[in-house]
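Listed below are the residues making up each chain.
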Amino acid sequence: FSILTATAMTLSAMPFTAVAEYQDSNSAVITAENQSETYYWIFYKNIDMTDIESKAEEKREEYIYSLYEQDLTQREFERLSTEYYISVRQELLKKSYTEQTEKILNEIGVNPETAFCSTCSSTIVCPLNDEQLEKAEKCEVITDISVYTAPKIEGTSDNKNETAYWIFYKNIDMTDIESKAEEKREEYIHSLYEQDLTQNEFERLSTEYYTSVRQELLKEAYAEKAEIVVKELGIDSSKAFCSMFAPTIIATLTEEQKLIAEKSELIESISVYTPVDIQPTDDKKTYSTKEEFINIITAGKDISELLGENIKVDAELNCKKDDAVFDYFVIYGIENDKKINDVINRLSSNPDVKVMISPVISKSGTFFSISVENIVTQHEIQGVAFVDNEYPCWISPQTIESFTSTYDFNPLKYIIKLGDANCDGNVNMADAVLIMQSLANPDKYGVNGTDETHITAQGEKNGDMDGNGLTNADALAIQKQLLKISVTDTGEQALFPVVKIHTANEMSQYEEMKKNKPVVIRNEYNPLLSSASGIGILFDFYYPNNSVNLSADKGTFKTWDIEKGSGVVESVGKTYTIENEGYIFWTPDKESIFGDEKIIIHITDSKNVNLGEIVITHDENGVFSAVLN
């Protein structure tokens, strides 16, 4: 219960120990044993919200990129991105308050186990001796200090016929809150269209507005609901604590009021409120090795029993990304994409671990949020899951080099690579040779061969490039892959660039264009969408030994960093050159094209040899299609 998000003045309406019990069970609480010491409220300067908002926005931009993989409506897109933003922002706030209180307590020489430190506001309650009090008064980040006196709930001491109770009433209609907030945001969004904003600015402003409106609606709804409950029970509202952030009331009740509460259809449950003495905890855990880190995340359980048969785990510690240091919990050995979320969710069987996964389709290299209550670390903790035989993938598969550069660890050992017949973690000519040896001389190099370098059952699986069993064609495919020869579906070398066109808002879906065969484009360009479809139609080109020159008689080519999922959309004009391989957006001059109108994209190589053209049409039924001539 987020009771501590109320102000210090509101907190004075209830015993402080109760707040601590429900806000943070790991925080120290004032007990009868240490009440003889003088306790103080310490209020310090608030944390830098600008930095919090900026970091939360950066993380949301990365998350937004994953939403492009699913065909979402504008409202679904906005809702999911906002929910993720709020969640990340809350975690960042909690971390920042914790770090700040640790610095303050260290500066004034207070044992953290004797202090209560709010993770929702810039507030500390702790005992201070004269020396510590003098240091606190001189501390630049502390704004105010006052003696803490544990308040009482009215009636608990003077009237023995009254008892203090927790009253938990039925929660408010969150659907209605979300709906109203979304309606207000949609009205606000229209005003944003009048401004010359980047995509990032648009998303940030709309989310900030949504968050602000939603918070005010929540406060109003909880206040109204609490007022109804208090009135029904006949309680003096001035003597009750009513949370603004949870369906919770603390108040004294007579026997008659208690009976009314037990019969009320508005109230879920009631229980006697007793300040709980929580002794300083010593169950916080630290780690310095991979084994210790993994043991905390898995609670020491057998990995096969916890996550499933053939699933393996590892850790990558002290990885630098941007301005932060990450510790990654790695899950690998997953059979296919569909099983990723199921495997990750099994981690939640450890009650100290909370995971949050993207609600869209997961791919190999999926990152997920891990929150561990009992870990003490200055690093960010994240999880990542890899699928057998699949490179890390966002919109399109990433190279090992780009992944390693971004996340500061090499994922190669977590991927059983297609073509790795000798299972050494690499694909090279030795794999092609071993395949041919195992087929030509199975007694020596087959699965049961006598030579110590014989192929294994896993090697046969890895070496099967086309899924038709291990043949010499697989060895040939490996050699062509190493030579970077573009290969068609029939296995022949391509004389024309391989052209792929993305066919849906789920950007991982694409179709390779074939000569004179129309391709239906299901992600029609719409400049109002907060997705790739708001930029244009996405083409991928692969021409390893040459460059591709593109020119359009109408429309404009645009670039955008789809791997990062954010940044400026830049118009590069009616011509564009791709060296060997790459992607490009094409955008019509107007919102759409109609009837018999045709848009032609001309394709030439580095020597200006005419290779052909892509013809884009839009028929009377509203269907976008493209043909490669």
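None of the values given here were measured: they were computed from a predicted structure.

Thresholds, definitions, all that
Residues numbered from 1 in each chain as written. Predicted model: local features only at pLDDT ≥ 70, side-chain atom pairs only at ≥ 80, totals over all residues. Heavy atoms only, no water. Axes fitted to C-alpha atoms, helices over the stretch in contact; angles between N-to-C directions. Helix = DSSP H or I, 4+ residues; strand = E, 2+ residues; numbered from the N terminus. Parallel < 35°, antiparallel > 145°, perpendicular 65-115°, else oblique. Left-handed = near helix turned anticlockwise from the far one by under 90°. Contact = heavy atoms within 4.5 Å. Nonpolar A, V, L, I, M, F, W, Y, C, P; charged D, E, K, R; others polar. Pairing = 2+ DSSP bridges. Salt bridge = Lys/Arg side-chain N within 4 Å of Asp/Glu carboxyl O. Buried < 20%, exposed > 50% of the residue type's maximum accessible area, 1.4 Å probe, protein only. Core = buried A, V, L, I, M, F, W, Y, C linked by side-chain atoms within 4.5 Å. Patch = residues over 30% accessible without salt bridge, like charges linked within 9 Å, V, L, I, M, F, W, Y side chains within 5 Å. Areas by Shrake-Rupley, 256 points an atom, 1.4 Å probe, with all protein chains shown as cover. Lys, Arg positive; Asp, Glu negative; His and termini not counted. Charge placed at Lys NZ, Arg CZ, Asp CG, Glu CD.

Draft legend 1. A look at the packing of helix α4 (residues 74-108) against helix α6 (residues 174-192). Packing of α4 against α6 leaves a shortest axis separation of 12 Å and a crossing angle of 110°. Looking at the two axes, α4 sits roughly perpendicular to α6. Relative to α6, the crossing made by α4 is right-handed. Along its contact with α4, which presents Arg-75, Glu-78, Arg-79 and Thr-82, the element α6 presents Glu-182, Arg-185 and Glu-186. Looking at side-chain class alone, the contact of α4 with α6 contains no nonpolar, 1 polar and 6 charged residues.

Draft legend 2. Structural detail: the sheet that holds strand β2 (residues 116-117). Read across the sheet, 4 strands follow the order β2-β3-β1-β4 without closing on themselves; strand pairing throughout is antiparallel. Across the chains shown, the open sheet's two edge strands, defined by having one partner strand only, are β2 and β4 (142-147). Of the pairings in the sheet, the one linking β2 to strand β3 (residues 123-127) comprises 2 bridges and is antiparallel in character. Within the sheet, the bridge partner assigned to Phe-116 lies in β3 and is Val-125. Packing against the sheet, α4 makes contact with β1 (39-44), β2, β3 and β4, and its axis sits at approximately 125° to β1. Sheet strands in contact with helix α5 (residues 130-138) are β1, β3 and β4, and its direction is about 145° off that of β4.

Draft legend 3. Quick look at the pattern of salt bridges. Within this structure, the stated rule accounts for 12 salt bridges. Where Lys-180 meets Asp-176, a salt bridge forms, and the shortest distance between an N and an O atom there is 3.4 Å. Placement of both Lys-180 and Asp-176 in helix α6 is noted, with a separation of 4 residues, approximately one turn of the helix. Residue classification places Asp-176 among the partly exposed residues on the basis of a relative accessible area of 33%. A salt bridge links Glu-262 to Lys-258; the nearest nitrogen and oxygen atoms lie 2.6 Å apart. Of this pair, Glu-262 and Lys-258 both sit in helix α8 (residues 255-263), 4 residues apart, which is roughly one turn of the helix.

Draft legend 4. Structural view of the nonpolar core. Counting 31 residues, the largest nonpolar core has Ile-42, Leu-105, Ile-108, Ile-124, Cys-126 and Leu-128 as the members making the most contacts within it. Elements with a minimum of two residues in this core: β1, α3 (49-67), α4, β3 and α5. Looking at this core, the element that brings in the most residues is α4, giving 11 residues. Within the second largest apolar cluster, 27 residues are counted, among which are Tyr-287, Ile-311, Phe-329 and Ile-344.

Draft legend 5. Looking closely at a negative patch on the surface. The grouping of Glu-216, Glu-220, Glu-224 and Glu-227 at the surface amounts to a negative patch. Take Glu-224: it is sitting in helix α7 (residues 199-233).

Draft legend 6. Spatial organisation of the sheet that holds strand β8 (residues 267-272). Ordered in space as β6-β7-β5-β8, the 4 strands form an open sheet in which the pairing is antiparallel. Taken across any chain shown, the strands that pair with only one partner, and hence form the sheet edges, are β6 (241-242) and β8. Note that strand β5 (residues 163-169) and strand β7 (residues 248-253) share 6 bridges and pair antiparallel. If you follow Tyr-165 over to β7, its bridge partner there is Ala-251. Across the sheet, α7 touches β5, β6, β7 and β8, and the angle it forms with β5 is around 130°. Strands β5, β7 and β8 of the sheet are contacted by α8, whose axis makes an angle of about 145° with β7.

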